[in-house]
Amino acid sequence: MIKSLEKALNILECFSVEKPELGITEISQMTGLYKSNVFNIVSTFVGSGYLEQNPETEKYRIGLKIMGLSHILSTSMGFHSVVHRCINELAKAIDEIVYFGIPDGENVMYMEGAYPEKFYNIRWVQGMTAPLVCTAIGKAMLAYMEEAFIDQVLAKPLRRYTDYTITDPEILRAELMLTKKRGYSTDNMEHEYGIKCVGVPVFNRSGDLIGALSTTGPSLRFSEEQSAVFVSMLKDKAEIIRQNN
(Lines give C-alpha, C1' and ligand atoms only; values in the text may rest on other atoms or scores of the structure.)
Protein backbone atom coordinates (compact mmCIF):
# COMPACT_ATOMS: atom_id res chain seq x y z
CA MET A 1 0.00 0.00 0.00
CA ILE A 2 1.15 3.53 -0.76
CA LYS A 3 2.39 4.95 2.55
CA SER A 4 0.80 8.37 2.14
CA LEU A 5 -2.56 6.80 1.30
CA GLU A 6 -2.29 4.44 4.26
CA LYS A 7 -1.68 7.41 6.59
CA ALA A 8 -4.72 9.22 5.19
CA LEU A 9 -6.95 6.17 5.61
CA ASN A 10 -5.71 5.66 9.17
CA ILE A 11 -6.82 9.22 9.96
CA LEU A 12 -10.31 8.60 8.62
CA GLU A 13 -10.56 5.43 10.69
CA CYS A 14 -9.97 7.43 13.87
CA PHE A 15 -13.53 8.79 13.64
CA SER A 16 -16.29 6.66 15.16
CA VAL A 17 -19.74 6.88 16.68
CA GLU A 18 -18.08 7.11 20.07
CA LYS A 19 -15.65 9.80 18.87
CA PRO A 20 -17.41 11.73 16.09
CA GLU A 21 -15.24 14.86 16.47
CA LEU A 22 -11.48 14.97 16.85
CA GLY A 23 -8.80 17.65 17.04
CA ILE A 24 -5.38 17.57 15.37
CA THR A 25 -3.65 16.64 18.63
CA GLU A 26 -6.05 13.77 19.29
CA ILE A 27 -5.59 12.37 15.79
CA SER A 28 -1.83 12.71 16.13
CA GLN A 29 -1.88 10.72 19.36
CA MET A 30 -4.15 8.04 17.90
CA THR A 31 -2.13 7.55 14.73
CA GLY A 32 1.40 8.31 15.90
CA LEU A 33 1.80 10.86 13.09
CA TYR A 34 3.33 14.29 13.52
CA LYS A 35 0.81 17.08 14.01
CA SER A 36 2.06 18.80 10.85
CA ASN A 37 1.40 15.65 8.80
CA VAL A 38 -2.04 15.25 10.35
CA PHE A 39 -2.90 18.88 9.65
CA ASN A 40 -1.86 18.62 5.99
CA ILE A 41 -3.88 15.44 5.40
CA VAL A 42 -6.91 16.72 7.30
CA SER A 43 -6.81 19.99 5.34
CA THR A 44 -6.86 17.99 2.10
CA PHE A 45 -9.85 16.00 3.30
CA VAL A 46 -11.65 19.21 4.31
CA GLY A 47 -11.00 20.74 0.89
CA SER A 48 -12.41 17.63 -0.78
CA GLY A 49 -15.47 17.42 1.46
CA TYR A 50 -14.54 14.19 3.21
CA LEU A 51 -14.09 16.00 6.53
CA GLU A 52 -15.45 19.27 7.87
CA GLN A 53 -14.53 21.51 10.76
CA ASN A 54 -17.02 22.35 13.47
CA PRO A 55 -16.78 26.15 13.80
CA GLU A 56 -17.81 26.00 17.47
CA THR A 57 -15.31 23.39 18.70
CA GLU A 58 -12.74 23.77 15.88
CA LYS A 59 -12.58 19.99 15.81
CA TYR A 60 -13.10 17.88 12.71
CA ARG A 61 -15.88 15.44 11.81
CA ILE A 62 -16.99 13.29 8.88
CA GLY A 63 -18.09 15.40 5.91
CA LEU A 64 -21.01 15.15 3.54
CA LYS A 65 -18.92 13.44 0.86
CA ILE A 66 -18.45 10.36 3.08
CA MET A 67 -22.11 10.46 4.10
CA GLY A 68 -22.98 10.36 0.41
CA LEU A 69 -20.72 7.35 -0.15
CA SER A 70 -22.28 5.65 2.86
CA HIS A 71 -25.72 6.14 1.34
CA ILE A 72 -24.51 4.59 -1.92
CA LEU A 73 -23.21 1.57 0.02
CA SER A 74 -26.47 1.15 1.91
CA THR A 75 -28.63 1.30 -1.18
CA SER A 76 -26.30 -0.96 -3.19
CA MET A 77 -26.46 -3.75 -0.61
CA GLY A 78 -29.06 -5.98 -2.23
CA PHE A 79 -30.31 -7.35 1.06
CA HIS A 80 -30.59 -3.96 2.79
CA SER A 81 -34.35 -3.58 2.43
CA VAL A 82 -34.92 -7.25 3.25
CA VAL A 83 -32.86 -6.96 6.45
CA HIS A 84 -34.72 -3.80 7.42
CA ARG A 85 -38.07 -5.49 7.00
CA CYS A 86 -37.00 -8.69 8.76
CA ILE A 87 -35.59 -7.08 11.89
CA ASN A 88 -38.58 -4.77 12.27
CA GLU A 89 -40.97 -7.70 11.93
CA LEU A 90 -38.94 -9.60 14.51
CA ALA A 91 -38.87 -6.71 16.99
CA LYS A 92 -42.64 -6.43 16.74
CA ALA A 93 -43.22 -10.17 17.02
CA ILE A 94 -40.92 -10.92 19.97
CA ASP A 95 -41.23 -7.51 21.65
CA GLU A 96 -37.46 -7.17 22.11
CA ILE A 97 -34.62 -5.27 20.42
CA VAL A 98 -33.23 -6.90 17.27
CA TYR A 99 -29.90 -6.11 15.61
CA PHE A 100 -28.18 -6.91 12.33
CA GLY A 101 -24.40 -6.61 12.21
CA ILE A 102 -21.44 -7.43 9.99
CA PRO A 103 -17.83 -8.40 10.72
CA ASP A 104 -15.44 -5.48 11.22
CA GLY A 105 -12.01 -6.88 11.98
CA GLU A 106 -12.19 -8.34 15.48
CA ASN A 107 -15.45 -6.50 16.16
CA VAL A 108 -19.03 -6.56 14.99
CA MET A 109 -20.33 -3.39 13.37
CA TYR A 110 -24.03 -2.80 13.92
CA MET A 111 -25.73 -1.90 10.66
CA GLU A 112 -29.35 -1.74 11.80
CA GLY A 113 -31.42 -1.96 14.94
CA ALA A 114 -35.16 -2.41 15.38
CA TYR A 115 -37.11 -1.64 18.54
CA PRO A 116 -40.54 -2.72 19.80
CA GLU A 117 -43.16 -0.02 20.29
CA LYS A 118 -42.74 -0.01 24.09
CA PHE A 119 -39.23 1.46 23.78
CA TYR A 120 -38.97 5.23 24.03
CA ASN A 121 -35.24 5.73 24.57
CA ILE A 122 -34.01 4.48 21.22
CA ARG A 123 -30.28 4.82 20.59
CA TRP A 124 -28.74 5.09 17.15
CA VAL A 125 -26.53 2.00 16.69
CA GLN A 126 -25.58 2.18 13.03
CA GLY A 127 -21.80 2.23 12.81
CA MET A 128 -21.24 1.31 16.46
CA THR A 129 -18.94 -1.61 17.19
CA ALA A 130 -18.57 -4.26 19.90
CA PRO A 131 -16.20 -7.22 20.39
CA LEU A 132 -16.86 -10.45 18.54
CA VAL A 133 -15.81 -12.51 21.56
CA CYS A 134 -18.39 -11.47 24.17
CA THR A 135 -21.56 -10.60 22.25
CA ALA A 136 -24.08 -13.04 20.83
CA ILE A 137 -24.11 -11.29 17.48
CA GLY A 138 -20.31 -11.39 17.42
CA LYS A 139 -19.91 -15.02 18.46
CA ALA A 140 -22.53 -16.06 15.90
CA MET A 141 -20.13 -14.80 13.22
CA LEU A 142 -16.79 -15.68 14.83
CA ALA A 143 -17.79 -19.34 15.11
CA TYR A 144 -17.98 -19.57 11.31
CA MET A 145 -14.79 -17.67 10.48
CA GLU A 146 -11.47 -19.17 9.38
CA GLU A 147 -9.69 -21.18 12.07
CA ALA A 148 -6.56 -19.06 11.63
CA PHE A 149 -8.56 -15.92 12.38
CA ILE A 150 -10.11 -17.49 15.47
CA ASP A 151 -6.62 -18.45 16.65
CA GLN A 152 -5.48 -14.87 16.11
CA VAL A 153 -8.38 -13.48 18.15
CA LEU A 154 -7.99 -15.97 20.99
CA ALA A 155 -4.22 -15.44 21.18
CA LYS A 156 -4.82 -11.93 22.51
CA PRO A 157 -5.84 -11.14 26.11
CA LEU A 158 -9.61 -11.32 26.46
CA ARG A 159 -10.95 -8.22 28.19
CA ARG A 160 -13.34 -8.72 31.10
CA TYR A 161 -16.49 -6.58 30.85
CA THR A 162 -18.50 -8.32 33.59
CA ASP A 163 -18.05 -11.21 36.00
CA TYR A 164 -19.62 -13.41 33.30
CA THR A 165 -17.21 -12.53 30.48
CA ILE A 166 -15.33 -15.58 29.20
CA THR A 167 -11.63 -14.75 29.49
CA ASP A 168 -10.22 -18.27 29.14
CA PRO A 169 -9.44 -18.77 25.41
CA GLU A 170 -10.00 -22.53 25.55
CA ILE A 171 -13.41 -22.17 27.17
CA LEU A 172 -14.34 -19.58 24.54
CA ARG A 173 -13.05 -21.86 21.78
CA ALA A 174 -15.29 -24.64 23.10
CA GLU A 175 -18.25 -22.25 23.14
CA LEU A 176 -17.57 -21.26 19.53
CA MET A 177 -17.53 -24.94 18.54
CA LEU A 178 -20.86 -25.44 20.34
CA THR A 179 -22.25 -22.34 18.62
CA LYS A 180 -21.32 -23.71 15.21
CA LYS A 181 -22.76 -27.14 16.04
CA ARG A 182 -26.15 -25.86 17.20
CA GLY A 183 -26.37 -22.86 14.85
CA TYR A 184 -26.82 -20.10 17.41
CA SER A 185 -24.87 -18.17 20.06
CA THR A 186 -25.62 -16.77 23.48
CA ASP A 187 -24.46 -13.83 25.55
CA ASN A 188 -25.10 -14.54 29.22
CA MET A 189 -24.48 -11.03 30.56
CA GLU A 190 -20.93 -11.25 29.18
CA HIS A 191 -20.85 -7.74 27.75
CA GLU A 192 -23.35 -5.88 29.94
CA TYR A 193 -24.74 -6.72 33.36
CA GLY A 194 -28.40 -7.68 33.33
CA ILE A 195 -28.52 -8.15 29.54
CA LYS A 196 -28.79 -11.47 27.72
CA CYS A 197 -28.78 -12.07 23.97
CA VAL A 198 -29.06 -14.83 21.41
CA GLY A 199 -27.74 -14.62 17.88
CA VAL A 200 -27.64 -16.52 14.60
CA PRO A 201 -25.32 -16.22 11.58
CA VAL A 202 -26.58 -14.92 8.26
CA PHE A 203 -25.29 -16.36 4.99
CA ASN A 204 -25.89 -15.58 1.32
CA ARG A 205 -27.07 -18.11 -1.24
CA SER A 206 -23.45 -19.08 -1.94
CA GLY A 207 -22.96 -20.02 1.68
CA ASP A 208 -20.73 -17.07 2.52
CA LEU A 209 -21.06 -15.46 5.93
CA ILE A 210 -22.40 -11.92 5.52
CA GLY A 211 -23.47 -10.99 9.04
CA ALA A 212 -25.60 -12.00 12.00
CA LEU A 213 -28.92 -11.31 13.67
CA SER A 214 -29.43 -11.05 17.41
CA THR A 215 -32.08 -10.14 19.91
CA THR A 216 -31.30 -8.67 23.29
CA GLY A 217 -33.09 -7.75 26.49
CA PRO A 218 -33.21 -8.01 30.29
CA SER A 219 -31.92 -11.36 31.56
CA LEU A 220 -35.19 -12.16 33.34
CA ARG A 221 -36.99 -12.25 29.97
CA PHE A 222 -34.44 -14.62 28.43
CA SER A 223 -35.18 -17.95 30.07
CA GLU A 224 -33.88 -21.07 28.34
CA GLU A 225 -37.35 -21.81 26.95
CA GLN A 226 -37.96 -18.27 25.72
CA SER A 227 -34.48 -18.02 24.21
CA ALA A 228 -35.20 -21.18 22.19
CA VAL A 229 -38.29 -19.48 20.75
CA PHE A 230 -36.25 -16.39 19.88
CA VAL A 231 -33.57 -18.51 18.19
CA SER A 232 -36.15 -20.25 16.02
CA MET A 233 -37.59 -16.91 14.88
CA LEU A 234 -34.14 -15.46 14.21
CA LYS A 235 -33.22 -18.48 12.10
CA ASP A 236 -36.40 -18.10 10.05
CA LYS A 237 -35.50 -14.49 9.22
CA ALA A 238 -31.88 -15.39 8.51
CA GLU A 239 -33.16 -17.87 5.93
CA ILE A 240 -35.31 -15.20 4.29
CA ILE A 241 -32.28 -12.90 4.06
CA ARG A 242 -30.22 -15.77 2.57
CA GLN A 243 -32.81 -16.44 -0.10
CA ASN A 244 -32.78 -12.78 -1.13
CA ASN A 245 -29.02 -12.34 -1.35
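The structure we're discussing is the one just above.
Read on for an overview of the structure. (Residues numbered from 1 in each chain as written. Predicted model: local features only at pLDDT ≥ 70, side-chain atom pairs only at ≥ 80, totals over all residues. Heavy atoms only, no water.)

### Notes on the overall build of the chain
- Within the chain, the secondary structure is distributed over nine helices and eight strands.
- Its C-alpha atoms put the chain at 60 × 40 × 35 Å along the principal axes.
- Here the chain holds 245 residues, and 41% of them are scored as buried.
- For the chain, the proportion of contacts with a sequence separation of at least 24, taken over those separated by at least 6, is 54%. (Helix = DSSP H or I, 4+ residues; strand = E, 2+ residues; numbered from the N terminus. Buried < 20%, exposed > 50% of the residue type's maximum accessible area, 1.4 Å probe, protein only. Contact = heavy atoms within 4.5 Å.)

### Overview of helix H1 (residues 3–12)
- Those residues of H1 that sit buried are Ala8, Ile11 and Leu12. For H1, the angular spread of the buried residues around the axis is 100°, confining them to a single face. (Arc of directions from axis to C-beta.)

### Side note on a nonpolar patch on the surface
- On the surface, Ile2, Leu5 and Leu9 cluster together to form a nonpolar patch covering roughly 270 Å² of accessible area.
- A relative accessible area of 34% places Leu9 in the partly exposed class. (Patch = residues over 30% accessible without salt bridge, like charges linked within 9 Å, V, L, I, M, F, W, Y side chains within 5 Å. Areas by Shrake-Rupley, 256 points an atom, 1.4 Å probe, with all protein chains shown as cover. Salt bridge = Lys/Arg side-chain N within 4 Å of Asp/Glu carboxyl O.)

### Quick look at the pairing of strand S3 (residues 97–104)
- Here five bridges tie S3 to strand S8 (residues 209–218), and the two strands are oriented antiparallel to one another. Its bridge partner being in S8, Val98 is matched across the sheet by Thr215.
- Across seven bridges, S3 lies against strand S4 (residues 107–114) in antiparallel orientation. Paired with Asp104 across the strands is Asn107, a residue of S4.
- Turn length for the S3-S4 hairpin, with the two strands adjacent in sequence and antiparallel, is two residues, and the turn residue Gly105 shows positive phi of about 65°. (Pairing = 2+ DSSP bridges.)

### What about the pairing of strand S6 (residues 185–188)?
- Here S6 shows one buried face, formed by Ser185 and Asp187, and one open face, formed by Thr186 and Asn188.
- Strand direction decides the pairing type here: S6 and strand S7 (residues 195–203), joined by four bridges, are antiparallel. The residue bridging Ser185 from the neighbouring strand is Gly199, located in S7.
- The loop that links S6 with its antiparallel partner S7 comprises six residues; one of these, Met189, has a positive phi angle of about 60°.

### Let's talk about the packing of helix H2 (residues 24–31) against helix H3 (residues 35–48)
- Put simply, H2 and H3 touch, their axes get as near as 9 Å, and they point 115° apart. Here H3 runs roughly perpendicular to H2, going by the angle between their axes. Seen along the crossing, H2 lies across H3 with a hand that is right-handed. In contact with Ile24, Thr25, Ile27, Ser28 and Thr31 of H2, H3 contributes Lys35, Val38, Phe39 and Val42.
- When grouped by side-chain class, the residues that make up the contact of H2 with H3 number five nonpolar, three polar and one charged. (Axes fitted to C-alpha atoms, helices over the stretch in contact; angles between N-to-C directions. Parallel < 35°, antiparallel > 145°, perpendicular 65-115°, else oblique. Left-handed = near helix turned anticlockwise from the far one by under 90°. Nonpolar A, V, L, I, M, F, W, Y, C, P; charged D, E, K, R; others polar.)

### Regarding the nonpolar core
- Counting residues in each nonpolar core, the largest one holds 25 residues, and the members touching the most others are Tyr99, Val108, Tyr110, Val133 and Leu142.
- Mapped by element, the contributors of at least two residues to this core are S3, S4, helix H6 (136–142), helix H7 (147–154) and helix H8 (169–182).
- Take this core: its biggest share by element is four residues, from H6.
- When near neighbours in sequence (up to four residues on either side) are disregarded, Leu142 contacts Leu132, Val133, Phe149, Ile150, Val153 and Leu176. (Core = buried A, V, L, I, M, F, W, Y, C linked by side-chain atoms within 4.5 Å.)

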